[in-house]
Structure formats: structure tokens, C-alpha cells
Amino acid sequence: MSHSTAHALRRFARAWARAIVPIGFVPMSAAELDRRLLALSRSLANAVLAERFVARPGYDAGVALVASHLTDPAVLDATLTVMRAELPAALAANGIGAEELADRVAGLEAALAAGYARALRDTTMAEQERLGRAIVDANASIEKALRDSEARFRAIFAGAAIGIGIADMDGRILQVNSAFADLLGYRVDEMCRLNVTDLTHPDDPPSMWQLYADMVSGARDHVRLDKAYFRKDGGVVWTDLSVSLIRDEAGEPSFTVAMVEDVTDRRMLEQRLRHQALHDPLTGLPNRTLFTDRLAEIFAERAPDARVGLCYLDLDGFKRVNDTLGHDIGDQLLAAVARRLDERLSGPGRLLARMGGDEFVLLVEPSPGAEQVAELAQATLDAVSRPFWVDRHRLRVSVSIGVVDRRVDQTSPADLLKAADVTLYRAKSDGRGRWAMYDAERSAREVARYELAAALPDALDRGDFTLAYQPIVSLDDGAIRGVEALLRWRHPRLGLLLPDEFVALAEETGLIVPLGRWVLETACRQAAAWSEDLPGSEMFVSVNIAAGQAQEPTFVDDVVAALDQTGLDPALLQLELTESAIMDTNGAPLDAMHTLTARGVRTAIDDFGTGYSNLAYLGRLPVQTLKLAGSFIDGLRDADRVDLVHEEIVNTIVRLAHALGLTVTVEGIETQSQADQLRALRCDTAQGWLFARPQSAEEMTALLRSARPDRSTRAVGSRP
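Below or above, wherever it landed, is the structure these notes cover. (Residues numbered from 1 in each chain as written. Predicted model: local features only at pLDDT ≥ 70, side-chain atom pairs only at ≥ 80, totals over all residues. Heavy atoms only, no water.)

**Regarding helix α2 (residues 30-49)**
For step 1, the next point in the chain: If you check α2, its first and last C-alpha atoms are 28 Å apart, about what 20 residues at 1.5 Å a residue would give, namely 28 Å.
For step 2, the next point in the chain: Every buried residue of α2 is listed here: Leu33, Leu37, Leu38, Leu40, Ser41, Leu44, Ala45, Ala47 and Val48. (Helix = DSSP H or I, 4+ residues; strand = E, 2+ residues; numbered from the N terminus. Expected span 1.5 Å × (residues − 1). Buried < 20%, exposed > 50% of the residue type's maximum accessible area, 1.4 Å probe, protein only.)

**Points about helix α3 (residues 56-67)**
For step 1, the next point in the chain: Here α3 is 12 residues long and its end C-alpha atoms lie 17 Å apart, about the 16 Å a rise of 1.5 Å per residue gives.
For step 2, the next point in the chain: The complete set of buried residues in α3 reads Gly58, Ala61, Gly62, Leu65 and Val66. Summarising the axial view, the buried residues of α3 lie within an arc of 140 degrees, below the 170-degree limit, and thus occupy one face.
For step 3, the next point in the chain: Histidine 69 sits one or two positions beyond α3 and adopts a positive phi of about 65 degrees. (Arc of directions from axis to C-beta.)

**What to know about unusual backbone geometry**
For step 1, the next point in the chain: Looking along the chain, the bond that leaves glutamate 365 and enters proline 366 is cis, with omega of -5 degrees.
For step 2, the next point in the chain: As for its placement among the helices and strands, proline 366 is situated in the loop between β8 (359-364) and α15 (370-385).
For step 3, the next point in the chain: The backbone phi angle of histidine 69 is positive, close to 65 degrees, even though this residue is not glycine.
For step 4, the next point in the chain: Considering the arrangement of structural elements, one finds histidine 69 in the loop between α3 and α4 (73-91).
For step 5, the next point in the chain: One non-glycine residue, arginine 682, lies in positive phi territory at about 70 degrees.
For step 6, the next point in the chain: Take arginine 682: it is sitting in the loop between α26 (672-680) and β21 (685-686).
For step 7, the next point in the chain: What makes arginine 682 exposed here is its relative accessible area of 60%.

**Some thoughts on the sheet that holds strand β11 (residues 398-407)**
For step 1, the next point in the chain: The 5 strands lie next to each other as β7-β8-β6-β11-β12, forming an open sheet whose pairing is mixed. Strands with a single pairing partner mark the edges of an open sheet, and in this sheet they are β7 (350-356) and β12 (435-437). Adjacent strand axes in the sheet meet at a mean angle of 20 degrees, parallel and antiparallel pairs treated alike.
For step 2, the next point in the chain: Across 6 bridges, strand β6 (residues 307-316) lies against β8 in antiparallel orientation. Of the residues in β8, the one forming a bridge with aspartate 314 is glutamate 359.
For step 3, the next point in the chain: Packed onto the sheet, helix α14 (residues 327-345) meets β6, β7 and β8 and runs at close to 165 degrees relative to β7.
For step 4, the next point in the chain: Its contacts with the sheet place helix α16 (residues 413-429) against β6, β8, β11 and β12, and it is angled at close to 145 degrees to β11. (Pairing = 2+ DSSP bridges. Axes fitted to C-alpha atoms, helices over the stretch in contact; angles between N-to-C directions. Contact = heavy atoms within 4.5 Å.)

**What to know about the pattern of salt bridges**
For step 1, the next point in the chain: If you walk through the whole model with that rule in mind, you get 37 salt bridges.
For step 2, the next point in the chain: Arginine 266 is paired through a salt bridge with aspartate 226; the nearest N and O atoms lie 3.0 Å apart. One end of the pair, arginine 266, is in helix α11 (residues 264-278); the other, aspartate 226, is in strand β3 (residues 222-230), and 40 residues separate them in sequence. The same class applies to arginine 266 and to aspartate 226, which are both buried.
For step 3, the next point in the chain: Notably, a salt bridge pairs arginine 354 with aspartate 280, separated by 3.0 Å at the nearest N-O pair. Taken together, the positions of arginine 354 in strand β7 and aspartate 280 in the loop between α11 and α12 (288-301) put the pair 74 residues apart, joining distant regions of the chain.
For step 4, the next point in the chain: Taken together, the shared-partner salt bridges in this structure form one network comprising Arg187, Asp189, Glu190, Arg193 and Lys232. (Salt bridge = Lys/Arg side-chain N within 4 Å of Asp/Glu carboxyl O.)

**What to know about the sheet that holds strand β5 (residues 253-262)**
For step 1, the next point in the chain: Read across the open sheet, the 5 strands follow the order β2-β1-β5-β4-β3; overall the sheet is antiparallel. Of all strands in the sheet, those bounded by a partner on one side alone are β2 (173-176) and β3. The sheet shows a mean angle of 25 degrees between the axes of neighbouring strands, taken without regard to direction.
For step 2, the next point in the chain: Taken together, the 9 bridges between strand β4 (residues 236-247) and β5 define a ladder with antiparallel strand orientation. Across the sheet, the residue bridging to serine 244 is valine 257, located in β5.
For step 3, the next point in the chain: Strand contacts of α11: β3, β4 and β5, with the helix running at about 125 degrees to β4, the strand carrying the most contacts.

**Topic: the pairing of β7**
For step 1, the next point in the chain: By the criterion of burial, β7 is predominantly enclosed, with 5 of the 7 residues buried.
For step 2, the next point in the chain: As paired strands, β7 and β8 are joined by 6 bridges and run antiparallel to one another. When the bridges of β8 are listed, arginine 354 appears paired with phenylalanine 360.
For step 3, the next point in the chain: Connecting β7 to the next strand, β8, in antiparallel fashion are 2 residues, including glycine 357 with a positive phi near 55 degrees.

**Topic: the environment of alanine 306**
For step 1, the next point in the chain: Mapping alanine 306 onto the fold places it in the loop between α12 and β6.
For step 2, the next point in the chain: Separated by 62 residues in the primary sequence, alanine 306 and proline 368 place their C-alpha atoms 9.8 Å from one another.
For step 3, the next point in the chain: Apart from residues no more than four positions distant in its own chain, alanine 306 is found in contact with Arg406, Arg407 and Val408.

So this is what it looks like as C-alpha cells:
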């Protein structure tokens, strides 16, 4: 703990002491009070600043206050007031966010109040038990006790600070002391004309009167519970009620003795703390805890055919408000949004809660149906679309909503929330400012996609990725000029996955950089091995580079490092980028291509014709090869029905490329007819299943050896 924090805690302890001393009698010197409160302050501070927050020190502090005989109820109220006002400021310089700091202090307040109440209750219970023993020890019979120890009993009965009442087995109140009568606002003689049943209150626990009946029958000797009483003036007082059965000399039930203590202040405090624990302090709405508790209750009840609806809301672009106008304006905006949502959406069968941050949820139960829940979602969009005035700022926000309507017996609380969350982010991805209805099939696909993305890092660490290789063949003589390295994922559950199934996820998660680095190193190492094993072949390896990888500041260094580590000649490495990646607006990929081309690395535009296709700019790009997208040869698949338009497009691109000194590679060749037509159009190289499918490094090695020029220059899918 820093020196500044320790100093702040001493100020907090002094403020605490100043709040307590004026309340009444303090059974210790001022110096002793300061020492005790400082020790408790340090314990509370350590709990707040701990890496993992635990509220137990707050509970212990409440017990310690009672143990120090600081038992005036006002002491607890003063303590909580000082904690709320002073403790966050004392600990604010320790790197904990303001919201989390407030949450932790609130947790300590609740725990301290609970410890204080429990310790006070235990102390009172001990006093009650001593009093009860005094009554019972006077004798088993009330009349005999009054005869044998009348002076002692009357002193205890009349002078007790807690209320005491004696009733017969029919419930007639025989005697009460002044404390009991005063508590309920009656005179003693008025209460002695009442029956126990006249003191019934609507909030009595359902089991209370059965417990009383058990006592009257002799089956039970003691009952203790919290009970509310109506005062004579109509007010309500909450008590800690303890009722004991007095038996006669034969052991038969004779009287009941009730002892009551006013716990109204404690009850109000507990209700206030419970409200704080279950409601968001900023908006006043129910919080995540209350919402999840209610949702759990609905599923526990599982009424037949019961349906539940959810609208899961998230403000669009709210972070921008915080970043530009400050968190204070952001908090005021959240409160304003909450008020408007509450006015528009709250009603019977609906629970609007703040889940945290800028997320809200509307629970509809029982749900009237998906269409009606969707209407509530649309009403939410309409309500939020109107501008908000916050501290002279006119602000507009939109909201995205995931809507779910399900039968309770067909889902679970966790699955319902997950479905709503996934649907919410589908609404965001579809453009924001809209609602989306849960689609089980689409959500299943998206969940599977998220799970796949989450598995990527471990897959790379475990070595689950591998490379397959496909030859790039000369259309002139059938010789293998190069190979393309193709990434594969050997998924332990889904089997072999192709790049289309996971590369986009790798780009979204940022894993494309280390994954692309691994592909480069592995492909270069294999190409270097082929170069050594097949001298004179001068066969290059072509590696696909993702846009995110090419934009990385270390991209050029990664390529150079792969070449240096493997010893591969730069001229035997070809990097394939799409048009959109090379011509990215920030210029980084293009700069990298210029640098690498100057070092002797080959570059190719992959899927040419699907991006910018800026022919005027093509001559200034640092590329040596155009790889035509497979869509260009779709019209050339059938030799009897050649699409003349496609043929002319390919012919034009080939002529332009050759005029610029570029070679042309065509992908996706499946038939000999396609190969013949492309050869006639003077395309340079091609790849596809006609020549060879992607295969392992070992299989590719065998193919390369069998296709060496000294054995056959037409070993791979060509004809004279």
C-alpha cells in the first residue's frame, strides 16, 4: 500500500470516528476508537485493492463494531454513509476503474451491514435466551413462578427493553409488558383484550401459523422468525419474534411466552441494500442479477407450453460518445435512454434490465408470441431514434436488437441468452439500427464459426496446420514450373478443413499474421529441400498472402527472415496477393511488394479480374504474373459450346499482360479441352485437377522426380 493511500486511509478513519462520536455513548477513549477504526479501514482497503475481490472483510468489520459495543443503529447508518462518500476517493489512486471501485465498495457496504445485523441479532438472541431462562427457571408454571419469585419476575418482565407477552393455549393475551404495548401503540390493558390471531399481518410467512399450531399442540417448544405487526395507528413495525412454550408440572402445554424486538430499521436497511444489490445505480433499472434470478424462476416453474420472449439491446457507437464527450456525458445519456425505454416498454409481464455497459434486455413473460415481441423491438427502435438532450448536447443514438421467442421446455436460460446475444450481433453485422429475429439454423452456423475461431490459436500451437502443394504447369510443354502452397487445417473433430472455412476467421482474430508467417517458413523450407534434391529445376513455390498479413509492419522482415533461415533463393519464391490487397488505400502492401521485388522475390496478382482490374495502373505494379480467376474460364468448359465473350476477354487480358511483360496463369483447369483452348490463347501456365490435385509434400516430391526433364517433359497432363 502506497504512502499516499495510507495517508488517505488515516483521513478516512478520522472521518469515520467523527461520524460516530456525536451519536451517543462510545465505550472507549477517542484514541482507542481511532486505532480500532484505522485497523478496520486498512482491512476494508485491502479487500477493495485485492486482485480478486472478496467481501468477507466487510462482514467482519460489521461484527467488530458490535463487539466494540457500538450498537446504536445510527452507528451503522453513519458508517455506511461515510464509506460511500469517502472510501472510493481514498482509494481512487490505485489503478482501479471508477465503476469497479464503486461496485467493490458497495459490496463491502452490504457485507458490513449483514455482519453488523447478524452480530446484533446474535447478541439480542443471547439476551433473550437469558431472559427466557430466567422466566422458565422461576418455575414451569407461570402462576407458580409469580408466587415463588414474584418480585424477580416482575422486575424482569416490566423492566425488559424488549417486548414480552404471555398468552394461553387459546391465544388469549394474558399479560404484556409496556415495551410490547408501546411498540404496537396500545395500552397494556388494550392488548390484554386481544387474541394472538388479531395480530396477523399479510406478510406473515406461510408456515408461521402452522408452526404456532404445532407449539399449541405440544409438538414444538420454540419458534423464531421475523414478523410484521400492524400498529394501532395503521403503521407497520417489523420484529424479531421468539415464542417459547411453557408446560405445566405434568408436561402439558400451558402458556406461550413471546419476546419481540423492533428490527424495523434493520429491515429497511436490508431492503435498501437488497434493492441496491438488484438494481443498477446509474439507471435505477433492475440489474443482471435480478434479471437472471427472474429468468431462473420462470424456467424452474416450467408452466405447460409457457413461452418467454427476449429483446437484447445494445447501443450502436456508444463508445464514441464516451471517447469524444467524456464518461459523464455518456452516463447521462445511458440514464436518459433507460428512462425512455422504461416509459415505453415497462408493463405487466415485462422486465426491463440493464445488463451492463450499454446493453439492456427486455424480458417478456409469458410471451404473447414472436410477432408481438418483434413489435416491442420495433417500438424500442422508434423510441430511441428521437434525439436526446444531455447537458446542452443534442445526441442521436441507434440501437441493435436481438429478438428471441422460445418455449421454456425447449431451451434453458443460458441457451436463451446465448441465442439473444448471437442474434444481437447479427443485427449489428447486418447494418445496425435494426432488430433481428433468432434463426436457429443461422445461429448454429455462427456459433460453429465462433467456436472455430476460438480454436485457431491452440491449433497453431499444436501444429494442426499443414500444407498441400499443387503443381503450376507450362501449357506449352507440360513441364512443372512451380507449385502453389495451399494451407489445410487438420481439425481433430471436423477433419481436413480448406482455407475458405477458416482463413477469414484468422484475419478477423488477428491470427493471420503468425499463421501466415508459419506458412511462409514451411513453404520456403520445403522449396529449399526440393531445390537441393532436384538441382537445376528452378521450380518456384507460390504462397498466398492475406491482406492483413501484407499490411503488417513486419511483413517484409518476415519474408526476408524465412528466406534467410531456409536458404531459399528469393527468385524461387512467389507471393500471391489479390488486387484489393495490393492496392490497399494505406499503401503498405504496395510498398512491401516494391521492396521484395527489388530483392528478387516474384509477385503475382491472384484472382485477377475480381477486384479493381485497373488496367491503366497494372503496368506500374511490381508484379510478374497475373493469375486469372476461375470465373473467366467458366465459358470454356465445353469444347462444343465455347462462350465467345469469355474467350475474347481472356484473349485480351493475355495480350495485355504479355505486352506489359507479365506471364498469365489460369487456375481451375479440369478438362483437356480447357487446356487446349488456353494454350491456343497463349496462356503461359495453368493449374487444376487436370494436372494434379493438391497433395502432401511427400507425394509432391515423388511427382516432381517423375516429371524431371531428363525423364519426360510432358509428364503432367499435356499433349503434343
